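Examination of the molecular architecture
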Amino acid sequence: MSAHVKELLALAAARALDPSEAARVEAHLAGCAECARDAGEWRRLAEGLERLPTPRPSRALVARTVEAVEAHVAERTERAWNRAALGFLVAFAWTLAVLAWLVLDLLAGGLALRLESPIASTGVLYAAYLVAGWLTAGAAAVLLGRRRREEGRTV
Amino acid sequence: MDPDRDDAARLRRGDTAGLTGLMGRHQDRLFRYLLRLVGEEAVAEDTFQQTWVQVAERIGRYDTSRPFAPWLFTVARNLALDHLRRRRPESLEEVDEPAAPAGAQGDPLAHAVARQQSARLANAVAGLAPLDREVLSLRFEEDLALPQLAQTLGVPVPTAKARLYRALARLRGRMLATAPAEDWR
């Protein structure tokens with residue numbers, strides 16, 4: 001019996017042949033006692049494999065797994081929320097900065113006209129305001145981050 | 001609608017009830033597959049847990065137009081193979097020395113079954129290389145057709161076919177070494 005025939009017999013028992021190959025094997029088995037005996041051995045092996053005992057995950061394992069996934073999902077949700085909140089806050093801060101520039105320029109210009117005397121450059125005032133604002137926000141972010149690390153949170 | 005896709009969509013929205021549905025339908029076959037592949041119950045349990053965490057993490061990448069099971073098995077397979085490569089980097093096609101039937105430890109029912117004829121076959125399977133055990137499990141226990149089997153293994157269909165035959169031939173050789181074919185039944 002050739003190696004190719006042997007392979008076909010094994011794959012036929014595993015139901016891994018396409019229909020035309022399977023039909024050719026069946027036709028061959030009808031007239032070849034040696035191959036029919038061999039095919040029987042492969043079939044017994046395949047049937048045994050299909051009947052192997054089925055191990056199942058324990059309830060404790062399933063419970064642990066559900067718990068782990070829920071913790072992961074909660075962390076992922078919090079991370080997504082934090083990202084969205086951060087994006088919103090950055091956009092809000094920039095909007096506020098631009099609006100503040102317009103308001104400050106308007107007020108400083110109007111005041112200068114009323115007092116009929118030049119006051120400090122609007123640009124300098126605005127820059128000072130902006131730097132103070134960002135420094136305060138940065139310090140708050142650092143303190144918040146430190147506190148979160150102390151709480152053992154990874155987000 | 002396919003319940004797997006429905007539950008995957010829920011899990012994607014962060015609703016863990018989706019996970020309960022997916023686990024309920026796939027946990028037994030996933031655990032059996034992992035146990036056959038890694039060959040050790042403790043490792044199979046760790047990988048089982050990691051697989052579902054990865055599923056929750058990567059659910060956004062799952063293409064809902066395709067069946068869920070092959071994607072799940074691919075995630076599990078990658079984790080299991082990573083573990084096996086770390087443990088034994090040289091080859092996944094070499095046999096494991098401990099040849100105890102997978103899943104038989106400490107389980108009276110499994111011991112009772114192990115006393116029967118299938119114990120010999122379970123031992124022979126446990127003694128095969130991880131990749132041989134894997135292909136046999138996917139075909140005979142998970143009942144995957146050849147195209148799905150090839151997809152799970154990440155190889156072309158002819159390669160999957162060759163791998164299946166090679167595993168069967170090695171198993172047959174091991175079985176013949178313990179008893180003549182007439183006694184396999």
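Time to look at the overall build of chain A. Of regular secondary structure, chain A possesses 5 helices and 0 strands. Written out in order from the N terminus, the α and β elements of chain A read α-α-α-α-α. Contacts in chain A between residues far apart in sequence, at least 24 positions, make up 53% of those at least 6 positions apart.

A separate point is unusual backbone geometry. For Arg 15 of chain A, which is not glycine, the phi torsion reads 50° and is therefore positive. Here Arg 15 of chain A shows up in the loop between α1 (3–13) and α2 (19–30). You will see that Asp 143 of chain B, though not glycine, has its phi angle at about 60°, which is positive.

This next bit is on the nonpolar core. Ranked by size, the top nonpolar core spans 66 residues in total, and within it Leu 11 and Ala 13 of chain A together with Leu 34, Ala 76, Val 125, Leu 164 and Leu 171 of chain B carry the most contacts. Looking at this core element by element, the count peaks at 10 residues for helix α2 (residues 17–38) of chain B. Leave out the neighbours within four places in its chain, and Ala 76 of chain B touches Leu 30, Tyr 33, Leu 34, Thr 47 and Thr 51 of chain B.

Let us look at the interface of chain B and chain A. Across the boundary between the two partners, chain B contributes 40 residues, which contact 30 residues of chain A. Looking at the side of chain B that touches chain A, the elements with two or more residues in it are α2, α3 (41–58), α5 (108–115), α6 (118–126), α7 (130–141) and α9 (157–178) of chain B. Of all the elements, α9 of chain B adds the most residues to the side of chain B that touches chain A, at 8 residues. By residue class, the composition of the side of chain B that touches chain A is 25 nonpolar, 6 polar and 9 charged.

Summarising the model, chain A shows a mean pLDDT of 82, and 85% of its residues fall at 70 or more. Per-element confidence in chain A ranges from a low mean pLDDT of 78 for helix α5 (residues 122–150) of chain A to a high of 91 for helix α3 (residues 33–50) of chain A.

This paragraph deals with the packing of α7 of chain B against α9 of chain B. All names here are of chain B. At their nearest, the axes of α7 and α9 sit 9 Å apart, and the two run at 105° to each other. For the element pair α7 / α9, the angle class is roughly perpendicular. Where α7 approaches α9, its residues Asp 132, Val 135, Leu 136 and Arg 139 are matched on the opposing element by Arg 163, Leu 164, Ala 167, Arg 170 and Leu 171. A breakdown of the residues in the contact of α7 with α9 according to their chemical character gives 5 nonpolar, no polar and 4 charged.

Reading the values: the criteria
Residues numbered from 1 in each chain as written. Chains lettered and ligands numbered in written order. Predicted model: local features only at pLDDT ≥ 70, side-chain atom pairs only at ≥ 80, totals over all residues. Helix = DSSP H or I, 4+ residues; strand = E, 2+ residues; numbered from the N terminus. Contact = placed C-beta atoms within 7 Å. Core = buried A, V, L, I, M, F, W, Y, C linked by C-beta atoms within 7 Å. Buried ≥ 20, exposed ≤ 12 C-beta atoms within 10 Å, placed from the backbone. Nonpolar A, V, L, I, M, F, W, Y, C, P; charged D, E, K, R; others polar. pLDDT = per-residue confidence, 0-100. Axes fitted to C-alpha atoms, helices over the stretch in contact; angles between N-to-C directions. Parallel < 35°, antiparallel > 145°, perpendicular 65-115°, else oblique.

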